[in-house]
Amino acid sequence: MSIEDKSRYAAAGFIVLLVLSLFWPEPIVSINRLWLHQRLGVDELSFLGREAPSWDVVFWCIAGLFAIAVLQTAETSREEIREITRQLRSVRVVLPKRFAVAAAVTIVAIAATWLAADAALVAVAERVQSDRVEDFIRMLNRLGGGMNPPMIVLFFIIAGLAYRRRRWLQYGVAMALAGVAAGIFAQIVKLAIGRTRPELWVGPFHYARTAANSFPSGHTVAAFALGGVLIIASRNLALRVIALLLAIAVAAARVLAFRHWPSDVVASALLGLLAAWVASLSVAAARAYDSGEAAQDR
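Residue positions are counted from 1 within each chain, in the order its sequence is given. Local features are withheld for residues below a pLDDT of 70 in this predicted model, meaning they are given only at 70 or higher, and side-chain atom pairs are given and counted only at 80 or more; totals for whole chains, interfaces and linings count all residues. Where side-chain values are given, they derive from all heavy atoms of the structure, hydrogens and water being excluded.

Peer 1: Explanation requested: the nonpolar core in the structure shown.
Peer 2: Side chains of nonpolar character tend, in soluble globular proteins, to be buried together. Within this scheme, the nonpolar core is defined by two criteria: the residues are buried Ala, Val, Leu, Ile, Met, Phe, Trp, Tyr or Cys, and they are joined through side-chain atoms within 4.5 Å. Accessibility here uses a 1.4 Å probe with only protein chains present; expressed as a share of the type maximum, an area under 20% marks a residue as buried, one over 50% as exposed, and anything in between as partly exposed. Ile152, Phe155, Phe156, Tyr171 and Met175 are the most contacted members of the largest nonpolar core, which totals 53 residues. Secondary structure elements follow DSSP: runs of H or I of four or more residues count as helices, runs of E of two or more count as strands, with numbering from the N terminus. Sorting the residues of this core by element identifies α1 (3-23), α3 (53-72), α7 (131-144), α8 (148-162), α9 (166-193), α10 (218-233), α11 (237-256) and α12 (262-285) as the ones contributing at least two each. Those residues in contact with Met175 that lie beyond four places of it in its chain are Ile152, Val153, Phe156, Leu226, Val229 and Leu230. Judged by nonpolar contacts, the second largest core, of seven residues, contains Val122, Ala125, Val133 and Trp261. Any two residues whose heavy atoms approach within 4.5 Å are treated as being in contact.

Peer 1: What's the story with unusual backbone geometry in this structure? I'm lost.
Peer 2: Leaving glycine out, the prevailing phi sign among residues is negative, and the prevailing peptide bond configuration is trans. We note that Arg164 has phi near 60°; this positive angle belongs to a residue other than glycine. You can see Arg164 is positioned in the loop between α8 and α9. For Phe258, which is not glycine, the phi torsion reads 60° and is therefore positive. Residue placement: Phe258 occurs in the loop between α11 and α12.

Peer 1: Even after reading the chapter, I still don't get helix α5 (residues 99-116), so can you show me in this structure?
Peer 2: For an α-helix, the turn length of 3.6 residues means that residues three or four places apart are oriented alike. Helix span, expected: 1.5 Å multiplied by one less than the number of residues in the helix. For α5, with 18 residues, the first-to-last C-alpha span of 26 Å sits near the 26 Å given by 1.5 Å per residue. Every buried residue of α5 is accounted for by Ala102, Thr106, Ile110 and Thr113. Considered in projection along α5, the buried side chains sweep an arc of 80° and stay on one side of the axis. Exposed side of α5, more than 90 degrees from the buried face: Ala100, Val101, Val105, Ile107, Val108, Leu115 and Ala116 are the residues found there. Where α5 is buried, its residues contact α6 (118-127) and α12. Of all possible arcs, the one meant is that of the directions from the helix axis to the C-beta atoms.

Peer 1: Could you clarify how one ought to interpret the packing of α3 against α8 in this entry?
Peer 2: Helix packing geometry: the angle between the two helix axes and the distance between the axes. Axis lines are fitted through C-alpha atoms, for helices just across the contact stretch, and the angle between N-to-C directions can take any value from 0 to 180 degrees. Between α3 and α8, the shortest axis-to-axis distance is 9 Å and the interhelical angle comes to 20°. With respect to each other, α3 and α8 are oriented roughly parallel. Where α3 crosses over α8, the handedness of that crossing is right-handed. Contact residues: Phe59, Trp60, Phe66, Val70 and Leu71 in α3; Met151, Phe155, Ile158, Ala159 and Ala162 in α8. Across the contact of α3 with α8, the residue classes break down as ten nonpolar, no polar and no charged. Each angle is binned into one of four classes, with values under 35 degrees roughly parallel, values over 145 roughly antiparallel, values of 65 to 115 roughly perpendicular, and all other values oblique. If you view the pair so one helix is near and one far, a crossing is left-handed when the near helix is turned anticlockwise from the far one by less than a right angle, and right-handed when it is turned clockwise. Under this grouping Gly is polar, as are all residues other than the nonpolar Ala, Val, Leu, Ile, Met, Phe, Trp, Tyr, Cys and Pro and the charged Asp, Glu, Lys and Arg.

Peer 1: Quick question: what am I supposed to make of a nonpolar patch on the surface here?
Peer 2: On the surface, a nonpolar cluster with roughly 330 Å² of combined accessible area is contributed by Ile15, Val19, Phe23 and Met139. For the nonpolar patch, the leading source of residues is α1, giving three residues. One can find Met139 in helix α7. Patch membership needs two things, relative accessible area over 30% and no salt bridge, and members are linked within 9 Å if like-charged or within 5 Å if nonpolar (Val, Leu, Ile, Met, Phe, Trp, Tyr). Using a 1.4 Å probe, accessible areas were evaluated by the Shrake-Rupley method; residue-level cover was limited to the displayed protein chains. Any carboxyl oxygen of Asp or Glu that lies within 4 Å of a side-chain nitrogen of Lys or Arg is treated as forming a salt bridge with it.

Peer 1: Hey, could you run me through the packing of aromatic side chains in this one?
Peer 2: Pairing of aromatic side chains requires ring centres within 6.5 Å, counting the rings of Phe and Tyr and the six-membered ring of Trp. Pairs whose planes differ by under 30 degrees are stacked, by over 60 edge-to-face, and all others tilted. One pass over the full model with this rule turns up eight aromatic pairs. Judged by centre distance (5.7 Å) and plane angle (45°), the rings of Phe155 and Trp168 are tilted. In this pair, Phe155 is assigned in helix α8 and Trp168 in helix α9, connecting sequence segments 13 residues apart. Look at Phe156 and Tyr171: their rings are 5.9 Å apart centre to centre, the planes differ by 80°, and that puts the pair in the edge-to-face class. With a gap of 15 residues between them, Phe156 in helix α8 and Tyr171 in helix α9 connect regions that are remote in the sequence. For the pair shown, Phe156 and Tyr171 are each scored as buried.

Peer 1: I tried to follow α1 on my own but got confused; where do I start?
Peer 2: For α1, spanning 21 residues, the distance from its first C-alpha to its last is 31 Å, which sits close to the expected 30 Å at 1.5 Å a residue. Considered for burial, the residues of α1 that qualify are Lys6, Ser7, Ala10, Phe14, Leu17, Leu18, Ser21 and Leu22. When α1 is viewed along its axis, its buried side chains cluster within an angular range of 145° and face the same direction. Across α1 from its buried face, at more than 90 degrees, point the exposed residues Tyr9, Ile15 and Val16. Structurally, α1 contributes buried residues whose contacts are with α3, α7, α8 and α9.

The structure is reproduced here in C-alpha cells:
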C-alpha cells in the first residue's frame, strides 16, 4: 500500500473518531437501551470529558488503538524524525508586517459588535430556540472544547510524521503554538475583565464569579486558532472552507447557548486568527519542511 493510500485511510479513520467523540457516549447509551437494559451513569446529555470518566476511558482506548495503527504503518525513519525535530527547534516568533494594523482592526470590530450587535443578536438567539437548535449547540460545544482540539493537533503531528506529510506536520505544530498562545492570553483577559455571561447577566461587565467570565470565549479561540491555521496555510480550498464553517459554527453555538455575547466570540475569533497567522508564519520561517514535500497538501 502506498503512502498516499495509507494517509488517506488514516484521515478517514480520524474523521470517524472525531465524529464519534461528538456523540460519545450516545453509542453506549443506545446499545444499552436496545439490548442490555443496565443502569448506566451516562445519558444523551453526557459528553466526553465531563460526567462519565469511566466511559471516557473506553473512548481513549479506541483512540489509542487508532494511534498505534497509524504508528505501526509509519513510513518515516528515525533519522528523518530526528532531522525534523532539529529543524523544529529553530522555530522563532515571526510577527507579520501588518500585525499592528490587524490588531487595530480587531479592536474596532470588537467595539462595534459590542455597541451595535450584542443585544440584538442575543434577542435573535432567544427567538430561535428549539430542540434542533439545542442539538446543534450540544454538538458544536463538544467540537470546540474538552479534548477535541488536542486530539486534532495530535493527529496532524502523528500522521504527518508517520506518512511523511510534512504539510500535515506543519499544520499540527502551528496549531499547537497558536492554540497554547491564544488560550493563555484569552484566560488572562477573561480574568482581568470579568464580564458576566448572558445567562447570568445582571448589568454590563458586572463581575459574578470566575466560572461566569464571558469575555473572551475559550471554545471560539480554540476553534479559530486551530481552524485558522488551515484557513491561512492550506492550499486545499475545500479544507479551508470546511475549517472556516466549523469555526463559525462553534462561535454561533456559544451565542445560541447564551454562554457568550456576540462581541465575545468576535473577539475570540479574531484573536484565534491572529495567533494562527503568527504561528503559521513562524513555523514556515523555520524551514522545517523540504520544499518538495511541503507541496503535498491534504
